[in-house]
Amino acid sequence: MNLLKLRNGNVSNKTEIHGELERLLLSNLVESYIPNFVWYNKENVQNSNINVKDENITVCNKLKIDTAWTTKQGLCSLIKQKDWFYIENTADVIVPRTYNSYEGGETEAFVNDYKVTACTGLLKWILSMVANEKAVFCETGKISLNVMVFALNRCKEYLFRKQHLDIDRSLNSVNSNQWNNFLKKYYRIVSRNELFHLTKEEKIPIYLSYAQFLLKEIQKYRPQIICEGYNNVWILKPAHCSRGRGIRIASKLGVINDLIAKANSKYVIQKYIEEPMLIHETKFDIRQYYLITSTYPLIIWIYKDCYLKFSSQKYNLGNYHESIHLTNNAVQRRYMNCEERHPDLPNNNMWDLDTYKDYLKAIGKPSVWDDLIYPGMKKTITGVMLSSQETMPACKNRFELYGCDFLLDKDYKPWLIEINACPDLNSTTRVTAKICPAVLADVIKVVIDYAADKNASTGNFECAYRQTITTPNYGGAADFIVKGFPVPHDYFYKGNIKLEESFEDIDMDKPRDVQAVLKKLKRFYNSSNCTDRMLPLENNELYCDKDDINRKSSHKTVRSFLEDDAENLFINDERKEMETYLENFPNFKSHLFDNYNLCSETSLTRLRSTKSLTNIKTLMKESNETFFGSAHFESDRLFSFTKLDEVCSLSPSLMDY
């Protein structure tokens, strides 16, 4: 209502004048009454003079707090505790690895993550090239094979730390110069496809199979490895901006650090999904709505309808322009669709859900939406909200609608990108003109009709999660009570323990008296199972018995083909240790060099159709067949992680600096 329009004579139609006067009259009549329903938008949520303190009367579309999960920095902090709220088949947060650049220790954690990702990316690149029969190793290559072995060792050490095997052993330290030299070679390999230098002495199948094993084990701790590619691309997002503003994409560690250092605002650093699911070579994401109607107990409603947002350009990792990688409608409407665009893609860069389901049927995947995508989004939304519940106050008659964006990987697993409060419900395209009014109407059905009548329709909203707890009772320190029961009088043993033999020996601490210690242990325990591989260290020397000396590998430095700064990247190559793994394959060398001449660059033909970079099982099978022909090759037997690193714990690791 605008009285100024009436006074200035801008409204001349009698019907419009009557309507304005009627709204003025009704407004005056209800002005002194507490409203029953309040709908805030972004503009008036902080500036409203409406009193909504009487929660028993007023229904409001905003929760009491500024929701932490709707900001990029808040979501980044919450997902760090997601594992505590995992519920099988109900709650599981699937989100890319993310770091807050302004929190203590987060930048260092990102740098460490970046380095490990470079190692796994290099191994994925090598396995992909081998599986696609592209040249990787040749006599004229300029990159030393030591670079690959460096990556193998760092991946092995990553697994040690994740499996807590570094508690009782010290891992080799790698200085900054070695990392810098490795990253330089890594950039040259993945960006310019430079090749490794090869001699017949190299045990390529050993390295490839170990790489396959390591990647498969690392996937247990880094599930994003299946879709993160090998270019080590990261996306930097301002913590409090929306609509794609201020987002930068980079793959070089130095560039990322410079961007963070020069930034005037807070940023989050997120691992970019380099291998998303594409439709006709074009990137897309899914906009999904959900509704919170109670915080204690937590009640989540998810909307069964959604829509897809497309980029205007074909997907290309060689160009980091926003028109290729950011699917926000606010970004894409500034650009024209590319000329090579597939005719089935929409001109307005949006698909409704029915169109996407028709596409899935056309490509032979009719069930993935109901079996994988939709359930995956429900579990992630539930997991995020459970992780956030401790920050929510118990509030009555409050609800809020959220919009979240998901990307799909090539296995149709949805990855949460961000969650938006006050999502845009404007009818900007034909698709949003259909779904947005329906969302608003169904929200009213849930918060008004269903609240009054449990048999009422909720439209396309379905209850995804309903918590079975009551409102929490908060108390002070005086309310803390410890309950227990007395221990029985005869609980503790009161007899005498006879010590028949003492193990105190002044010679026990001397490394050179290991054999004497072993003999004493065998005599005291009358056991022949004591290990003969206890090899203490003194002044970086190994002291072994005669059998161990025979088994000990000779340390040989592989000739480096790196540039002038590569002298810090040399690795000790335990070749004899590798040869012990070949005893089960007497025809190994003949299969290796007769069936596949690794020393000839021309023998590596390029595949006509590129295969997947992430199917580890396929890569393992194909690369093994490439090198071994029809010979049976059991990677698990050759590369038993425990067996391999049992040796590595006694002597320098597979290839260490």
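The shown structure was predicted, so the numbers you read here are calculated from the model rather than taken from an experiment. (Residues numbered from 1 in each chain as written. Predicted model: local features only at pLDDT ≥ 70, side-chain atom pairs only at ≥ 80, totals over all residues. Heavy atoms only, no water.)

It is a general feature of regular strands that their side chains alternate between the two faces of the sheet. Here strand E12 (residues 307-310) shows a buried face lined by Tyr307 and Lys309 and a second buried face lined by Leu308 and Phe310. Bridge count for strand E10 (residues 282-294) against E12 is four bridges, and the pairing is antiparallel. Bridge pairing in E12 links Phe284 to Phe310. Pairing between E12 and strand E13 (residues 350-352): three bridges, direction antiparallel. By the bridge assignment for E13, Leu308 is matched with Trp351. (Buried < 20%, exposed > 50% of the residue type's maximum accessible area, 1.4 Å probe, protein only. Helix = DSSP H or I, 4+ residues; strand = E, 2+ residues; numbered from the N terminus. Pairing = 2+ DSSP bridges.)

Time to look at the sheet that holds strand E8 (residues 267-271). Overall, antiparallel pairing links the four strands, which are arranged E3-E8-E6-E7 in an open sheet. Each edge of the open sheet carries a strand with a single partner, namely strand E3 (98-100) and strand E7 (248-250). Mean inter-strand twist for the sheet, computed between neighbouring axes without regard to direction, equals 20°. Across three bridges, the pairing between strand E6 (residues 234-238) and E7 is antiparallel. Across the sheet, residue Trp234 finds its bridge partner in E7, namely Ala250. This element, helix H4 (residues 106-131), spans E3, E6 and E8 of the sheet and lies at about 150° to E3. (Axes fitted to C-alpha atoms, helices over the stretch in contact; angles between N-to-C directions. Contact = heavy atoms within 4.5 Å.)

The pLDDT averaged across the chain works out to 75; a share of 68% of its residues lies at or above 70. Contacts from residues 527-614, a stretch scored under 50 in pLDDT, to residues over four places away or in other chains number 193 contacts. Across residues 626-657, where pLDDT falls below 50, the model places 100 contacts with residues more than four positions away in sequence or in other chains. (pLDDT = per-residue confidence, 0-100.)

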